Amino acid sequence: MTQRALDSSGEQTPGTPRPAMIDAGAELDPVHPMEPPPARRPDGLSSAEVAERVARGEVNDVPVRSSRSVTEIVRANVFTRFNLIIGVLWVIMLFVAPIQDSLFGFVIVANTGIGIIQEWRAKKTLDSLAVIGEAKPTVRRDGVAAEISTSEIVLGDLVELGPGDKVVVDGTVAEADSLEIDESLLTGEADPVIKRAGDPVMSGSFVVAGGGAFTATKVGREAYAAQLAEEASRFTLVHSELRSGISTILKYVTWMMVPTAIGLIISQLVVKDNNFKDSVARTVGGIVPMIPEGLVLLTSVAFAIGVVRLGRKQCLVQELPAIEGLARVDVVCLDKTGTLTEGGMDVTEVRPLNGSDEAYVTRVLRAFGSSDPRPNASLQAIIDAYPAGGGDARPAAGGDAPASGDAESWTVTDAMPFSSARKYSGAAFAEADGTASAWLLGAPDVLLSEGDATLTEIEHLNEQGLRVLLLARAEGELNAPGTAAGAAPTALVVLEQRLRPDAGDTLAYFADQNVATKVISGDNAVSVGAVAGKLGLAGAENTLDARRLPTDPDAMATAMEQNAVFGRVTPQQKRDMVAALQSRGHTVAMTGDGVNDVLALKDADIGVSMGSGSEATRAVAQIVLLNNSFATLPSVVAEGRRVIGNITRVATLFLTKTVYSVLLAILVVCTQVEYPFLPRHLTLLSTLTIGVPAFFLALAPNKERAQPHFVRRVMRYAIPSGAIAAAATFATYLVARHHYSGEGALEAETSAATLTLFLVSMWVLAIIARPYTWWRVGLVAAMGLGFLIVLVVPWLQDFFALKLVGAPMPWTAVGIAVAAAVLLEFVWRWVGRRFGM
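Computed from a predicted structure; not experimentally measured.

About the cut-offs
Residues numbered from 1 in each chain as written. Predicted model: local features only at pLDDT ≥ 70, side-chain atom pairs only at ≥ 80, totals over all residues. Heavy atoms only, no water. Helix = DSSP H or I, 4+ residues; strand = E, 2+ residues; numbered from the N terminus. Buried < 20%, exposed > 50% of the residue type's maximum accessible area, 1.4 Å probe, protein only. Contact = heavy atoms within 4.5 Å. Salt bridge = Lys/Arg side-chain N within 4 Å of Asp/Glu carboxyl O. pLDDT = per-residue confidence, 0-100. Axes fitted to C-alpha atoms, helices over the stretch in contact; angles between N-to-C directions. Parallel < 35°, antiparallel > 145°, perpendicular 65-115°, else oblique. Left-handed = near helix turned anticlockwise from the far one by under 90°. Nonpolar A, V, L, I, M, F, W, Y, C, P; charged D, E, K, R; others polar. Core = buried A, V, L, I, M, F, W, Y, C linked by side-chain atoms within 4.5 Å. Pairing = 2+ DSSP bridges. Patch = residues over 30% accessible without salt bridge, like charges linked within 9 Å, V, L, I, M, F, W, Y side chains within 5 Å. Areas by Shrake-Rupley, 256 points an atom, 1.4 Å probe, with all protein chains shown as cover. Phe/Tyr/Trp six-rings, centres within 6.5 Å; stacked < 30°, edge-to-face > 60°.

With that settled, consider the overall build of the protein. Check the secondary structure of the protein and you find 27 helices and 22 strands. Among the 837 residues that make up the protein, the fraction classed as buried is 56%. Taking as baseline every contact in the protein between residues at least 6 positions apart, the subset at least 24 positions apart corresponds to 72%.

So this is what it looks like as structure tokens:
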């Protein structure tokens, strides 16, 4: 049993045995710089030794990227399948047609440039935020412990560990004080592993209880952390329904485009005996609009802008699809501590039990506070109330305060750090008079038997939202079986938690957005419910002690849906509760800051960690709130809904164009007529009815929760809309072919068909822009005004080869477009009623 004598400075007395350390070995061989280093003394490396290792390159200097490099960003935006197709067609058009028929190429260049710039801005935001949220391990050098950057660790460094700390490099345990490490991120095994001096530790694991230190044996690219961190922290495109849906759409578009394009080429170049250059131009004009290239670009831009917006609010998005996932969330699981309440607590009262002397209880609490070098929030409140060396901060009413320094003469002979699985901590002392005593401090309903009368008193305190700890005297060894069951209750420590002032508004936001809130805590359920009730949580009175939670997944899911507050939840139960909700089709977001939240954060659809939380939680979460503000969550959810909701809207615009382009090409091939449009016509239409409005619509506010089945939902509207647009346009074209004759007939026919297609496309835009706001109406009106200007300004008429001839045919084109618009309204409303919006 390690014996630690505590003086007022917290240093060990000379007679105290030194912590265990690994046997010393030979000096490092310069030829093999990455060999395990010799064991280090408890004060760590000296400055000279650190400098020597840095000179040899034995530094953990693996660059951890939070985003793609600039080269990768450029490559991903430029070298795409559709950019290749459009690029080839653009080069062809530059040789065979006027520059106005090559405008589509310049638009692609501009759009690609916008995509690169936006993602580069997002990269800078991510990189700067990643530095803020980077782990700062505590390393002991020259006998002094200090936080340093992970990249500054050198081979042989002595790295200290405490609850929640992540092991950042591989090493060997040099000191262990009830050290328990969770290696589930490496092995998949959830049970923590007890580590002793000499045991290996792997980077990527994290401490769940106790403390200690380890000697770094592998750094840089030799360590497993190098691979893990690079994979976890880099720009990632994990599963995303939005991205996978767009990929599916593009795959089908390619299949449709290839045979249709071949047929169009044969029709225009072989069957029709027209001017070669004009035939080439009209063939390209039929192929280019089939490609929804802007949809991919706009999705990337929307994600990138979302990252930048959230970054300004001190929210680090570690995986871009997490923005989309937030749009689909319908259940948020909150951990009370650090989320609804601030980290700190205050001791409001100490109630001795069974005739215990209050002055003696005060001595125990003061000594208890000195037993853990890394106290949790509850123990920190006790330390603040009864500071070592400060006399009795809270003298008993009518009782004698112990002399200053009395508790400091107690010696800690054993300590058992708090564990969320046990729900209590322990410490053993040699008191000033030599008496040995052992104490437990933790959850009363765990340490007391089920029928104990004290539980009624505690229940009344919990109903007021107060947190209560039980101090109990144990018999025998702290780790002995049955120690908790045989402990004698000595005092109740009543704590008051500090509520976050903004938590109430945040809970109200989720309720307003139809997002169910579940408070999951390791504390007493009634106490947690009282806190949640003070903040206005709907259903806060529906509390459930997780020890009575059914183990059957289906029954657990029912209990989860019926209750809002859960107490005495173990880390494994948090994980099971998330899985139970997911089994009922819920999309679950889990917030947390403690190491006991890691398993649930990993399994939730979206894991949200506080910036001040443990390194382990930040490592597995997709989103980190660097400002530790729960009030940031509504902004995060709103950003996710904005992105996914708006992309679903504008995707219908892009795919409507693809559908009508393919159908028009098929109709042209079947009827053996000239393709009605030149590239300049469709460039103008795409810019006014899709490109410009889609950009604004994609960035607009949108609070609607995203629905599943992205491809199905988009195609339900795009296919009938494209079919109606193609039918109306081709009908106008055929009528115009019979109406006009002679020189300039084809240009007049094209102008009439263009007018119909523009008006129908504008009506699709007007439907998608709903519900109307002043700026949406202005946007649609501005696009219509732009087309009108082209029709009335002579040089623009010549530039775009658009001139309406006579009055009957243009009005016929308008009439066909109006009929198509009526049909569009009917179809959209029918689809909405039949399948839901």
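Text resumes after the structure shown.
Take the pattern of salt bridges next. Inspection of every chain in the model, using the stated rule, returns 19 salt bridges. The closest approach of N and O atoms between Asp346 and Arg498, which form a salt bridge, is 2.8 Å. On the criterion of sequence distance, the pair formed by Asp346 in strand β11 (residues 341-352) and Arg498 in strand β16 (residues 488-499) is long-range, its members being 152 residues apart. Its relative accessible area of 34% is what places Arg498 among the partly exposed residues. Two residues, Asp445 and Arg568, come together in a salt bridge whose shortest N-O distance is 2.8 Å.

The pLDDT averaged across the protein works out to 79; a share of 83% of its residues lies at or above 70. Counting contacts from residues 1-40, a segment whose pLDDT is below 50, to residues more than four positions away or on other chains yields 77 contacts. In the predicted structure, residues 391-405 sits below a pLDDT of 50 and forms 22 contacts with residues beyond four places in sequence or in another chain.

Moving on, we come to the packing of helix α14 (residues 454-463) against helix α16 (residues 525-534). In contact at an axis separation of 7 Å, α14 and α16 are set at 20 degrees when each is read in the N-to-C sense. Classed by the angle they form, the pair α14 and α16 counts as roughly parallel. For the pair α14 and α16, the sense of crossing is right-handed. Residues Glu459, Asn462 and Glu463 of α14 pack against Val526, Ser527 and Ala530 of α16. A per-class count over the contact of α14 with α16 returns 2 nonpolar, 2 polar and 2 charged.

Ranked by size, the top nonpolar core spans 125 residues in total, and within it Ile623, Phe630 and Phe787 carry the most contacts. For this core, the leading source of residues is helix α21 (residues 633-671), giving 16 residues. Not counting residues up to four positions away in its chain, the partners in contact with Phe630 are Leu334, Thr339, Leu340, Arg500, Ala503, Thr506, Leu507, Phe510 and Met610. One finds Cys333, Leu549, Val578 and Ala580 within the second-largest nonpolar core, a separate group that totals 26 residues.

Another point: the sheet that holds strand β21 (residues 606-610). Taken in spatial order, the 8 strands line up as β9-β22-β21-β20-β10-β17-β19-β18 in an open sheet, and their pairing is mixed. For this open sheet the edge positions go to β9 (315-317) and β18 (543-545), each flanked by a neighbour on one side alone. Strand-to-strand twist across the sheet, computed as the mean angle between neighbouring axes with direction ignored, equals 20 degrees. Alignment of β21 against strand β22 (residues 623-625), held across 3 bridges, turns out to be parallel. Considered in β22, the bridge of Ser609 is made with Val624. Against the sheet, helix α17 (residues 553-562) engages β17 (516-520), β18 and β19 (565-567), with an angle of about 110 degrees to β17.

Let's shift gears to unusual backbone geometry. The omega torsion across Arg770 and Pro771 is -5 degrees, close enough to zero to call that bond cis. Of note in the backbone geometry, Asp142 takes a positive phi value of approximately 55 degrees without being a glycine. When you line up the elements, Asp142 lands in the loop between β2 (138-141) and β3 (144-147). With a phi close to 60 degrees, Asn514 is a non-glycine residue in the positive phi region. For Asn514, the position within the fold is in the loop between α15 (503-512) and β17.

It is worth spelling out the pairing of β21 at this point. With 5 of 5 residues buried, β21 is to be regarded as a mostly interior element. Neither face of β21 is exposed, since Ile606, Val608 and Met610 on one face and Gly607 and Ser609 on the opposite face are all buried. Bridge count for strand β20 (residues 588-592) against β21 is 4 bridges, and the pairing is parallel. Counted as the bridge partner of Gly592 is Ser609 from β21.

Taken together, the side chains of Val70, Val74, Val78, Phe79 and Trp120 make up a nonpolar region of the molecular surface, amounting to roughly 450 Å² of accessible area. Element by element, the count of residues in the nonpolar patch is highest for helix α2 (residues 70-78), at 3 residues. Here Phe79 is to be found in the loop between α2 and α3 (81-96). On the accessibility criterion, Phe79 (65% relative accessible area) is exposed.

What follows covers the packing of helix α22 (residues 679-698) against helix α24 (residues 745-768). Their axes nearest at 9 Å, the elements α22 and α24 cross at an angle of 10 degrees. Classified by the angle between their axes, α22 and α24 sit roughly parallel to one another. Between α22 and α24, the residues in contact are His681, Leu682, Leu685, Leu688, Thr689, Pro693 and Leu697 and Thr750, Thr754, Leu757, Phe758, Ser761, Met762, Leu765 and Ile768, respectively. Residue classes in the contact of α22 with α24 are distributed as 10 nonpolar, 5 polar and no charged.

In this section: the packing of aromatic side chains. All told, the structure shown has 12 aromatic pairs when counted by the stated rule. On the numbers, 6.0 Å between centres and 85 degrees between planes, the contact of Phe695 with Phe696 is edge-to-face. Under the relative-accessibility criterion, Phe695 is labelled partly exposed at 29%. On the basis of relative accessibility, which here comes to 45%, the residue Phe696 falls in the partly exposed class.

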